[in-house]
Amino acid sequence: MKDINVFIDRLKEKYAPVLLDRVEKLFASDDLAVKCEMATELLITLPFEIVSDYHEWGFEDIKAGGRERLYKDREGHNGMSGKAVASHYDPAAPKTADERFDYFKGITIVFPYMLMAGHHRWLFEGVEGAKDYNDFMAKFKDVSCAKYEPLLKAAYEGKADLCETYKAQAAEHPFDLLKNYYNWVNE
C-alpha cells in the first residue's frame, strides 16, 4: 500500500496555499465578479483538481481516466452551481445569514463527500465485492459536520472571523477526507 500520509502532505503543499489565497481574495474584495470567481475556484474548480491528482496517485491502477471523468463532472457541476454561488454575492438579492450559512455549510463540508461518492461509484462500477460508499459516509461525514459546522456557525454569528474560519477549514477538511477515504478503501 502506498503511503497516504506522505502523499497528503505533498497535496497540501501544492493546494493549501492556493486555497488560502483564494479565501483571502474572496473576503478582501468588494467586487462581485472577483467574489464569484474566487468562490467558484474554491468550491468547484480546486476540489476537482485536488481529487484528480489524488485519483492519479492512488487509483489510476484500479481504473484509468479519472481526471477526464472528473473534468466532465466538473463542467456539469459548474453549470449547476455557478449561479447558486453567484447568488450569495448578489447585492440586489441579499441572502440572510442563515441562508448563506446553510448553503456554504453544504458546499464546504458536505459537497466533498458527494464529489467522492460520484467518484467512488465510477471507480468501482461493476467491481464484485466493492465497498459501499454509504458505509464511508456513515463513518466520517457526521464527524466532519460535528467538527466544522460549529466553527462555521460561530463565524456566521460574528463570534469568530469568517475568513479565518474558512481558511482553517480549507487547509484541513479536504485533505482529511481524502486520507480517510484511502485508508477506508484499503482496510
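Residues numbered from 1 in each chain as written. Predicted model: local features only at pLDDT ≥ 70, side-chain atom pairs only at ≥ 80, totals over all residues. Heavy atoms only, no water.

This part is about the packing of aromatic side chains. Scanning all chains against the criterion turns up 16 aromatic pairs. Seen from their ring centres, Tyr113 and Phe136 are 5.9 Å apart, and the 40° between their planes marks the pair as tilted. Of this pair, Tyr113 sits in helix 4 (residues 97–123) while Phe136 sits in helix 5 (residues 133–156), and the two are 23 residues apart along the sequence. In terms of burial, Tyr113 and Phe136 fall into one category: buried. Ring pairs connect the aromatic residues Phe7, Tyr54, Trp57, Phe59, Tyr113, Tyr133, Phe136, Phe140, Tyr181, Tyr182 and Trp184, which therefore count as one cluster. (Phe/Tyr/Trp six-rings, centres within 6.5 Å; stacked < 30°, edge-to-face > 60°. Helix = DSSP H or I, 4+ residues; strand = E, 2+ residues; numbered from the N terminus. Buried < 20%, exposed > 50% of the residue type's maximum accessible area, 1.4 Å probe, protein only.)

With that out of the way, let us pick up the packing of helix 5 against helix 7 (residues 173–185). Look at helix 5 against helix 7: their axes get within 11 Å of each other, and the N-to-C directions meet at 155°. Relative to helix 7, helix 5 is oriented roughly antiparallel. Seen along the crossing, helix 5 lies across helix 7 with a hand that is right-handed. Side by side, helix 5 and helix 7 meet where Tyr133, Asp135, Phe136, Phe140, Ser144, Lys147 and Tyr148 of the first sit next to His173, Asp176, Leu177, Asn180, Tyr181 and Trp184 of the second. Taken together, the residues of the contact of helix 5 with helix 7 break down into 7 nonpolar, 3 polar and 3 charged. (Axes fitted to C-alpha atoms, helices over the stretch in contact; angles between N-to-C directions. Parallel < 35°, antiparallel > 145°, perpendicular 65-115°, else oblique. Left-handed = near helix turned anticlockwise from the far one by under 90°. Contact = heavy atoms within 4.5 Å. Nonpolar A, V, L, I, M, F, W, Y, C, P; charged D, E, K, R; others polar.)

It is worth spelling out the nonpolar core at this point. Grouped burial of nonpolar side chains is what soluble globular proteins tend to show. Counting residues in hydrophobic clusters, the biggest one holds 53 residues, and the most contacted among them are Leu11, Tyr54, Met116, Tyr133, Leu178 and Tyr181. When contributions to this core are tallied by element, the ones reaching two or more residues are helix 1 (4–28), helix 2 (32–58), helix 4, helix 5, helix 6 (162–170) and helix 7. Among all residues touching Tyr181, those that are not within four sequence positions of it are Tyr54, Phe59, Met116, His120, Leu123, Phe124, Tyr133 and Phe136. (Core = buried A, V, L, I, M, F, W, Y, C linked by side-chain atoms within 4.5 Å.)

It is worth spelling out the side chain of Glu41 at this point. One can find Glu41 in helix 2. The class for Glu41 is buried, based on a relative accessible area of 18%. Separated by 2.7 Å, the side chains of Glu41 and Arg22 make a polar contact. Apart from the residues lying within four places of it in its own chain, the contact partners of Glu41 are Arg22, Leu46 and Pro47. (Polar contact = N/O pair within 3.5 Å; in protein donor to acceptor, adjacent residues only side chain to side chain.)

Scanning all chains against the criterion turns up 1 cavity of 30 Å³ or more. Considered as a void within the structure, the largest cavity measures approximately 360 Å³ in volume. Forming the walls of the largest cavity are 24 residues, and the residues nearest its centre are Leu42, Leu43, Pro47, Thr108 and Pro174. Counting only elements with at least two residues in the lining of the largest cavity, the list comes to helix 1, helix 2, helix 4, helix 6 and helix 7. A total of 7 residues in the lining of the largest cavity trace back to one element, the largest contributor, which is helix 4. Grouping the amino acids of the lining of the largest cavity by side-chain chemistry returns 21 nonpolar, 3 polar and no charged. (1 Å grid on protein atoms, 1.4 Å probe; cavity = no way out; pocket = protein on both sides within 12 Å on 5 of 7 lines; lining within 4 Å. Points joined across faces, edges and corners; volume = space filled by probe spheres on them.)

This prediction gives the protein chain a mean pLDDT of 88; 93% of its residues lie at or above 70. Per-element confidence in the protein chain is highest for helix 7, whose mean pLDDT is 96, and lowest for helix 3 (residues 66–87), whose mean pLDDT is 73. (pLDDT = per-residue confidence, 0-100.)

Now for the packing of helix 2 against helix 7. With their axes 12 Å apart at the nearest point, helix 2 and helix 7 run at an angle of 25° to one another. Judged by the inter-axis angle, helix 2 sits roughly parallel to helix 7. Seen from above, helix 2 lies across helix 7 with right-handed handedness. Only Phe175, Leu178, Tyr181 and Tyr182 of helix 7 make contact with helix 2, whose side of the interface consists of Ile50, Val51, Tyr54, Trp57 and Gly58.

So, on to the pattern of salt bridges. Tallied over the full model, the rule gives 17 salt bridges. When the shortest N-O distance is used, the salt bridge between Asp98 and Lys153 registers 3.6 Å. Taken together, the residues Asp98 in helix 4 and Lys153 in helix 5 connect sequence positions 55 residues apart. On the basis of relative accessibility, which here comes to 28%, the residue Lys153 falls in the partly exposed class. Across the salt bridge formed by Lys159 and Glu157, the nearest N and O atoms sit 3.1 Å from each other. Accessibility expressed as a relative area gives 65% for Lys159, which makes it exposed. (Salt bridge = Lys/Arg side-chain N within 4 Å of Asp/Glu carboxyl O.)

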